[in-house]
Amino acid sequence: VSGIGSSGLVSKLGALGLNSTGGGLSSHATNDQSKKTNTLANLDLYLERLYDDDPKTRLECVEKIALLASRSSNLEALASHETLPQTLARVLREDGRRSTDVATHCLCVFFALSNASAFHGLILGNQVGDATLRVVDLELRRAADRRKTHLRTNAPRVHSNDSTNPITNTNDEDIADIADIDEFEARRVVLAEKKRDALLYVAFYALLNVAEDVAVERKMKKRDICHYLMECVGTRGDVDLLVLCVTFLRKLSVRRENVEDMLRGATETTTKTTTEKKASDDGDPDGDALRSPSEEKETPPFDVVSRTARFLADGDACVPDVLVHATLRLLLNLSFHERARDAMHERALLPRLCVLAKKKAFERVALATLYNLSVDKRRRRFFAVASPTAGTDLVLDALLETPDADLIAHACPIVAGLAVNLSCDARCAEALAARENGKPFVSFLKRRLMRRDALGLKVARNVARFAGDKETCPSVWRAFKQALVGDQTVLNSMLDCFLSEHPLGTDVALEALGLLADAHRPMVDGALDLSEPCESRGVFEKIAAYVTPNETEDDAALEAVLFCLAFGKGKENAKNARFFVRTGIVESLYETLREKKDDDAFVLAVVSAFGAFLSFPETRDVVLNHTQTVFYLVELLRDECAAIRDAADAALDVVVDEAGEKWAVHVRRARFEAHNREWLDACGGGGGGSGGGGSFDEHSAP
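Caption draft 1: Seen up close, the overall build of the protein chain. Secondary structure summary: the protein chain contains 40 helices and zero strands in total. Across the protein chain, the fraction of contacts at a sequence separation of at least 24, relative to all contacts at a separation of at least 6, is 71%. Per element, the accessible surface of the protein chain, about 32,500 Å² overall, is 49% carbon and sulfur.

In structure tokens form, the structure reads like this:
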């Protein structure tokens, strides 16, 4: 827990520069003389003097007990004392509301004990957690009241001279709560704010330590701990306190119910704004009269993403790396939730994350967050237009930096996953292929083909799916034309990756097969017609083995069916019909349809392929006369899947238009019976009505 980047509790309190009369651990409290006189032997005397009527005396005793607790060797003796925990808990409850210094030093003792899990039962048994949350609530309400007072008086702002804080300290507004503030008063208010930060720091740190128990964390959640932490994140300016609060939020963000609390503020703010706007539109005369000038300012959203976005702002303020890293880790946890991802996009964090991903210190966590953001399909297009660093450029640079001998799944797994997601979007695919006229993408394709990298080929295949859209993705079309026409080694490597892989259906072979099918675009450009190279290298014979039932895994057979669809659809592929007939692919597809009739993906792909085959005389003759495909197509008109019904109906339309009148009559009668099966069964005719001829089955074909 102590590794959150804090400068340390004792040094933090000592930096306030307070003496014993003002409260605080200072050089006076830590000199050699105090160390010699402040021993465990005087502990009972300190506890007895805690009942003194003089507040300064009680503060001095609490301060000395806190100094004893700062040494780890004393913790066991302090925890085993008969009355110390109970007495300090009572002082915290009674005097903590009146004195910030007393509360801080009491919490210092319990914080020291909380660093050991063995003492957590002692802390919780004395209800220190409840008292701590009450103190935190009081201090945050005091700070909020001071801010409201400042806004109402509209006083001139007096800034702190603390140059060690690189973050714009929102507490500077609190020191100008009267119009004629003098220098002494300004210093007093600045010191009070530092004390408040120290108190909040030690309180949250103690709560973080005891929250390692899930049951205790749930109790804190019921006491609205997320609200307190986000209030500090949004209004305080101390770096150590901010790092602590962000770290605490990151721990809480592991549980979904806590994330919902963190994001609740966005919904509440939106509802409040809508209500006020509606009241204004209705002409509410009291709405503007009761609203003060300070309240006219737009209240920032209270959700955690909006509160932490300022730590990633690309401005003049230099945010410490430890705070940036803690914020990124929090956002990574939040990015698993859709509402949080939407909030990140609304706060324009995507461009900043792309910039941070280029820095070595933040690379891994920033890339992981970007990967989670890329899960939403409707948001992927923003990666292509992010400025100053586009997400597509970031991914392509990382892929090109991967050594030729390494697989991208091993060298940069997060980047590989991000590249796969982005390459599925048309705009991102266009951006990947458009960079420098496609040269980097073609280079990436060549290197991954030579290495036979399955994941790299998947990225290229996803991009190739948009090669047929010359209007939306012209760069993709040009890039593949350049790769396949300008250099035959790319095409030969693609064919080798598919043909030389053994056994059938390896990942590399499947991605190469898909890449061939998606890059084959004769209807767009004759230069992208891969039919002749595939026929000359024996690809169709290999496909026949893939589509033979029970020869390969289902995913491999499905890829082969999709290849047949790509090479058999459209008049530009008419010459391929003889290849399908010669290799027996048509009959094998029919057997596959019978074997996989319960698999919607297979059925849809095979029916679509048959719809393409029925357009050519060679394949149509085999489909109609050597298989019972039409019978299955009629049965599929009643399938539950709408896409399958549409594909079967379209294939039957081709039969009606191209197969002759006899087949047209039988198909029309079969359609009538399929659409009116319930009525025919009710009439008892079973299809033997006025339409003539019995029901259509596999023996009634002409």
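Back to the text.
Caption draft 2: Spatial organisation of helix 12 (residues 225-235). A large share of helix 12 lies buried, amounting to nine of its 11 residues. Within the sequence span of helix 12, burial applies to Ile225, Cys226, Tyr228, Leu229, Met230, Glu231, Cys232, Val233 and Thr235.

Caption draft 3: Geometry of the environment of Pro85. Looking at where Pro85 falls in the secondary structure, it is placed in helix 6 (residues 84-95). Sequence-wise, Pro85 and Phe110 are 25 residues apart; in three dimensions their C-alpha atoms are separated by 8.3 Å. If near-sequence neighbours (up to four positions away) are discounted, Pro85 is found in contact with Leu78, Ala79, Phe110, Leu122 and Asn126.

Caption draft 4: Geometry of the side chain of Asp453. Looking at where Asp453 falls in the secondary structure, it is placed in the loop between helix 25 (439-451) and helix 26 (454-464). Among the polar contacts made by the side chain of Asp453, one reaches the main-chain amide nitrogen of Leu455 at a distance of 3.2 Å. Those residues within four positions of Asp453 in sequence are excluded, and the remaining contacts are Asp406, Leu407, Ile408 and Arg448.

Caption draft 5: Structural detail: the nonpolar core. Ranked by size, the top nonpolar core spans 209 residues in total, and within it Phe204, Ile225, Phe248, Leu334, Leu370 and Ile543 carry the most contacts. Per-element tally for this core: the top contributor is helix 10 (residues 183-210), with 11 residues. Not counting chain neighbours up to four residues away, the residues in contact with Ile225 comprise Leu133, Phe204, Leu207, Met220, Phe248 and Leu252.

Caption draft 6: Seen up close, the side chain of Glu193. With respect to the secondary-structure elements, Glu193 resides in helix 10. We classify Glu193 as buried; its relative accessible area is 4%. A distance of 2.6 Å separates a polar atom in the side chain of Glu193 from a polar atom in the side chain of Arg196.

Caption draft 7: How the structure looks around the environment of Arg427. The topology assignment puts Arg427 in helix 24 (residues 426-434). Residues Arg427 and Thr472, spaced 45 residues apart in sequence, show a C-alpha to C-alpha distance of 8.1 Å. Filtering out sequence-adjacent residues up to four positions away, Arg427 remains in contact with Arg381, Ala384 and Val385.

Caption draft 8: Main features of the confidence of the model for the protein chain. Taken residue by residue, the protein chain gives an average pLDDT of 83. The fraction at 70 or more is 81%. Helix 20 (residues 363-373) holds the highest mean pLDDT among the elements of the protein chain, 97, whereas helix 15 (residues 285-290) holds the lowest, 39. Confidence drops under pLDDT 50 across residues 15-31; counting only partners more than four residues distant or on other chains, this segment forms 37 contacts.

Caption draft 9: A look at the environment of Met220. Relative to the assigned elements, Met220 resides in helix 11 (residues 214-222). By relative accessible area, Met220 is classed as buried at 5%. Between the C-alpha atoms of Met220 and Leu133, which are 87 residues apart in sequence, the distance is 8.6 Å. Residues within four places of Met220 in sequence aside, it is in contact with Leu207, Val210, Ala211, Ile225 and Phe248.

Caption draft 10: How the structure looks around the packing of helix 12 against helix 13 (residues 239-252). Viewed as axis vectors pointing N to C, helix 12 and helix 13 meet at an angle of 145°, and their least axial separation amounts to 9 Å. Crossing of helix 12 over helix 13 shows left-handed handedness. Facing helix 12, whose interface residues are Ile225, Cys226, Leu229, Met230, Cys232 and Val233, helix 13 presents Leu242, Cys245, Val246, Phe248, Leu249 and Leu252. Along the lines of polarity and charge, the residues of the contact of helix 12 with helix 13 split into 12 nonpolar, no polar and no charged.

Caption draft 11: A look at the pattern of salt bridges. Inspection of every chain in the model, using the stated rule, returns 42 salt bridges. Ionic pairing is found between Arg452 and Glu501, a salt bridge with its closest N-O pair at 3.2 Å. With Arg452 in the loop between helix 25 and helix 26 and Glu501 in the loop between helix 28 (488-499) and helix 29 (507-519), this residue pair connects regions lying 49 residues apart in the sequence. Look at Glu501 and you get buried, because its relative accessible area is 13%. Because the salt bridges share partners, they merge into one network encompassing Glu139, Arg142, Arg146, Glu193, Arg196, Asp197 and Arg236.

Caption draft 12: Geometry of helix 4 (residues 55-69). Across its 15 residues, helix 4 extends 21 Å between first and last C-alpha, which sits within 8% of the 21 Å expected from 1.5 Å per residue. For helix 4, a buried count of 11 out of 15 residues is recorded, marking the element as mostly surrounded by other parts of the structure. When we look at burial in helix 4, the residues that qualify are Thr57, Arg58, Leu59, Cys61, Val62, Glu63, Ile65, Ala66, Leu67, Leu68 and Ala69. Buried residues in helix 4 make contact with helix 3 (43-49), helix 5 (75-80), helix 6 and helix 7 (100-114).

Caption draft 13: Quick look at the packing of aromatic side chains. Throughout the structure, instances matching the rule amount to 14 aromatic pairs. Their ring planes at 50° and their centres at 4.7 Å tell us that Phe111 and Tyr205 sit as a pair that is tilted. Here Tyr205 lies in helix 10 and Phe111 lies in helix 7, a separation of 94 residues in the sequence. As far as burial versus exposure is concerned, Phe111 and Tyr205 are alike and both buried.

The rules behind each value
Starting from 1, residues in each chain are numbered consecutively following that chain's sequence as written. Residues qualify for local features only when their pLDDT is at least 70, as the model is predicted, and side-chain atom pairs are given and counted only at 80 or more; totals for whole chains, interfaces and linings, by contrast, use all residues. Side-chain metrics rest on all non-hydrogen atoms present in the structure, leaving aside hydrogens and water. A run of H or I in DSSP becomes a helix once it reaches four residues, and a run of E becomes a strand once it reaches two; helices and strands are each numbered from the N terminus. Contact criterion: two residues are considered in contact whenever any of their non-hydrogen atoms come within 4.5 Å of each other. For accessible areas, the Shrake-Rupley method is used with a probe of radius 1.4 Å. Any residue's cover is judged against the shown protein chains and nothing else. For each residue, the accessible area found with a 1.4 Å probe, counting protein chains only, is set against the maximum for its type, and the residue is called buried under 20%, exposed over 50%, and partly exposed in between. Two N or O atoms form a polar contact when they lie within 3.5 Å of each other; inside protein one atom must be a possible hydrogen donor and the other a possible acceptor, and for residues adjacent in sequence the pair counts only when both atoms belong to side chains. By nonpolar core is meant a set of buried Ala, Val, Leu, Ile, Met, Phe, Trp, Tyr and Cys residues that side-chain atoms within 4.5 Å join together. Per-residue confidence from the predictor is reported as pLDDT, which spans 0 to 100. Interaxial angles span 0 to 180 degrees and are taken between N-to-C directions of axes, which are lines fitted to C-alpha atoms, for helices over the stretch in contact. Crossing handedness follows the turn of the near helix against the far one: under a right angle anticlockwise gives a left-handed crossing, and clockwise gives a right-handed one. Three residue categories are used. Nonpolar comprises Ala, Val, Leu, Ile, Met, Phe, Trp, Tyr, Cys and Pro, charged comprises Asp, Glu, Lys and Arg, and polar comprises the others, including Gly. Here, a salt bridge means any side-chain nitrogen of Lys or Arg that lies within 4 Å of a carboxyl oxygen of Asp or Glu. In a helix, the anticipated span is given by 1.5 Å times the number of residues less one. The rule is short: rings of Phe, Tyr and Trp, with Trp giving its six-membered ring, pair when the centres are within 6.5 Å, and they are stacked under 30 degrees, edge-to-face over 60, tilted in between.

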